[in-house]
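Close look at the chain arrangement
This is what each chain is made of:
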Amino acid sequence: MTTQGMHTLREIQTQPDAWAVVLGAAREGVQAWETFFAKSAGDLTLFFGCGSTHYLSLSAASVFQTLAGQTARGVPAAELFLFPETWIPADSRIRGIAVSRSGTTTETIRAVDHLTKAYNAQIGVVTCYDDTPLADRSSITLISPEGHEESVAQTRSFSSMLLGSLGLAALAGKQAELLENLAALPSLGERLMARYQPLAQSLGEDLDLCRVFFLGSGPRYGLACEAMLKLKEMSLTTSEAYHFLEFRHGPKSMVDEQTLVVGLLSEKAQGAEVAVLREMKDLGATVLVLTEVGDNLGWADHVVCFESDLPELARLPLYLPILQLLAYYRSVGKGLDPDAPRHLDAVVQL
Ligand code: F1P
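Here the structure is a predicted model, which means the values were calculated and not measured. (Residues numbered from 1 in each chain as written. Predicted model: local features only at pLDDT ≥ 70, side-chain atom pairs only at ≥ 80, totals over all residues. Heavy atoms only, no water.)

**Overview of the layout of surface pockets**
When its volume is computed, the largest pocket comes out at roughly 360 Å³. Among the elements of the structure, helix H4 (52-68) and helix H11 (220-235) are those that each provide at least two residues to the lining of the largest pocket. Residues that form the lining of the largest pocket fall into these classes: 7 nonpolar, 8 polar and 4 charged. Space inside the second largest pocket adds up to approximately 220 Å³. In terms of lining, the second largest pocket is formed by Ser62, Thr66, Ser217, Gly218, Pro219, Arg220, Ser266, Lys268, Ala269, Glu273, Glu312 and Leu313. (1 Å grid on protein atoms, 1.4 Å probe; cavity = no way out; pocket = protein on both sides within 12 Å on 5 of 7 lines; lining within 4 Å. Points joined across faces, edges and corners; volume = space filled by probe spheres on them. Helix = DSSP H or I, 4+ residues; strand = E, 2+ residues; numbered from the N terminus. Nonpolar A, V, L, I, M, F, W, Y, C, P; charged D, E, K, R; others polar.)

Here it is in structure tokens:
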């Protein structure tokens, strides 16, 4: 029996359990985080990390700004000590939220050190491990203990830290109802994977599709980037992520019959997003759509419907499992080992 990719598959399939656990941790930490947010109120909240956790930061920052009504940005950690002036206006009061599965990535640690020293920033950490250099440098942590992984590529860790970050944004915005809504996600995630695993497998194993584009708007852009990274890391496939309407401005020249275009559809901008996807279908692409409900999408090649009845922002983690499975099956289909991507280590320590 082959064991290639065994860890990755198990980690993808068990992520709803990790979601339930991180939500419990967020609930336990409500008071401490409320105090942290009150004490660290300022001009700018920076979410930062590297690779997957940078992409998570993009989504988390846009949700935070929307829910909490405070300016927030998602930034690659290295930018914050190499080019801080391009991200942080002079004399700003900064709050930093570092995101890191391992808590040991050098760039993220250096960013924390710089923000603390140069801006006297208060630091919170979203991570999977306690007792790390990053946790030691923070005033507060939100830990996803079930986010631990054997695999290099982040799957369960990513979605559970995303969910934790959504919880924090709901807290900062005093949106108690949204925090409650998130509790429905673990069972919705299970149902989604049971229903669409065969689709992820057949699309993933279709090696005639040799390039893949992921399109997402607003907080879904970070998720589109993460799906792109998963496909690259696990399956060495040419893949890119764009904001939906940006795709017309050049990238669409790459579309042909061997192209898969994956749309992470929103509710708010659905009309504009669907128009882009239809255009790509007419240019020969195979189109996969992820959406809450599948009305008027009969023209698409494949549709994944969440049918969650959750508010739009609470649904974000549901975009991930099927796209992770797509990367997993493509990797196995190409004879690669999804557990051990080429050239990569689980942590970059400089
Ligand atoms: C971040 C990260 C991963 C990536 C790679 C190296 O680590 O960039 O996203 O898959 O294997 O590390 P972390 O700071 O979240 O632990």
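Read on for the rest.
**What to know about the sheet that holds strand S7 (residues 238-242)**
Reading across from one edge, S7-S6-S8-S9-S10 is the order of the 5 strands in this open sheet, with parallel pairing throughout. Edge positions in the sheet fall to S7 and strand S10 (302-305), since each of these pairs with one other strand and no more. If you compare each strand with its neighbour and ignore which way they point, the axes differ by 15 degrees on average. For strand S6 (residues 211-216) and strand S8 (residues 259-264), the ladder comprises 6 bridges, and the chain directions are parallel. The partner of Gly216 across the bridge, within S8, is Leu264. (Pairing = 2+ DSSP bridges. Axes fitted to C-alpha atoms, helices over the stretch in contact; angles between N-to-C directions.)

**Topic: the site of the ligand**
Lining the immediate environment of the ligand, one finds 14 residues, of which Ser100, Arg101, Ser102, Thr105 and Asp345 sit closest. Taking Thr53, its side chain carries an N or O atom lying 3.2 Å from an oxygen atom of the ligand. Thr105 is positioned with one of its side-chain polar atoms (N or O) 2.5 Å from an oxygen atom of the ligand. Bound to the protein, the ligand loses 95% of the 390 Å² it would expose on its own. A molecule is said to occupy a pocket when more than half its atoms come within 2 Å of that pocket's grid points, and by this definition the ligand occupies the largest pocket. (Near = heavy atom within 4 Å. Polar contact = N/O pair within 3.5 Å; in protein donor to acceptor, adjacent residues only side chain to side chain. Areas by Shrake-Rupley, 256 points an atom, 1.4 Å probe, with all protein chains shown as cover. Sits in = over half its atoms within 2 Å of the grid points.)

**Considering the environment of Glu273**
Topologically, Glu273 is positioned in helix H12 (residues 270-282). For the pair Glu273 and Phe244, spaced 29 residues apart in sequence, the C-alpha to C-alpha distance is 6.0 Å. If we ignore the near neighbours within four places in the chain, the residues touching Glu273 are Ser217, Phe244, Leu264, Leu265 and Ser266. (Contact = heavy atoms within 4.5 Å.)

**Section: the nonpolar core**
Within the largest apolar cluster, 81 residues are counted, with the highest numbers of intra-cluster contacts made by Trp33, Phe214, Val262, Leu288 and Val304. The dominant element in this core, judged by the number of residues it contributes, is helix H8 (residues 156-172), at 10 residues. Those residues within four positions of Leu288 in sequence are excluded, and the remaining contacts are Leu199, Leu203, Leu260, Val261, Val262, Gly263, His302, Val304 and Leu323. (Core = buried A, V, L, I, M, F, W, Y, C linked by side-chain atoms within 4.5 Å. Buried < 20%, exposed > 50% of the residue type's maximum accessible area, 1.4 Å probe, protein only.)

**Some points on the pairing of strand S9 (residues 286-291)**
Where burial is concerned, most of S9 is hidden: 6 out of the 6 residues are buried. Residue alternation in S9 divides its side chains into two sets, Thr286, Leu288 and Leu290 and Val287, Val289 and Thr291, and both sets are buried. The sheet contact formed by S8 and S9 spans 5 bridges and is parallel. If you follow Val262 over to S9, its bridge partner there is Leu288. Between S8 and its parallel partner S9, the chain crosses via H12, and the hand of that crossover is right-handed. Pairing of S9 with S10, which is carried by 4 bridges, proceeds in the parallel orientation. Following the sheet pairing, Leu290 is matched in S10 by Val304. (Right-handed = clockwise from strand over helix to strand, strands pointing away.)

**Points about unusual backbone geometry**
Within the chain, Asp131 stands out as a residue other than glycine whose phi angle is a positive 60 degrees. Phi angles above zero are rare outside glycine, and Glu307 is one such case at about 45 degrees. Within the secondary structure layout, Glu307 lies in the loop between S10 and helix H13 (320-333).

**Regarding the sheet that holds strand S4 (residues 122-127)**
In a beta sheet, neighbouring strands are held together by backbone hydrogen bonds and run either parallel or antiparallel to one another. Taken in spatial order, the 5 strands of this open sheet run S2-S1-S3-S4-S5, and their pairing is parallel. Two strands bound the open sheet, and with one partner strand each, they are strand S2 (72-76) and strand S5 (140-143). Pairs of neighbouring strands in the sheet enclose a mean axial angle of 20 degrees, with direction left out of account. As paired elements, strand S1 (residues 44-49) and S2 share 5 bridges and run parallel to each other. Bridging from a neighbouring strand, Phe47 pairs with Gly74 of S2. Each of S1, S2 and strand S3 (94-100) is contacted by H4, which is oriented at about 175 degrees to S2, the strand it contacts most.

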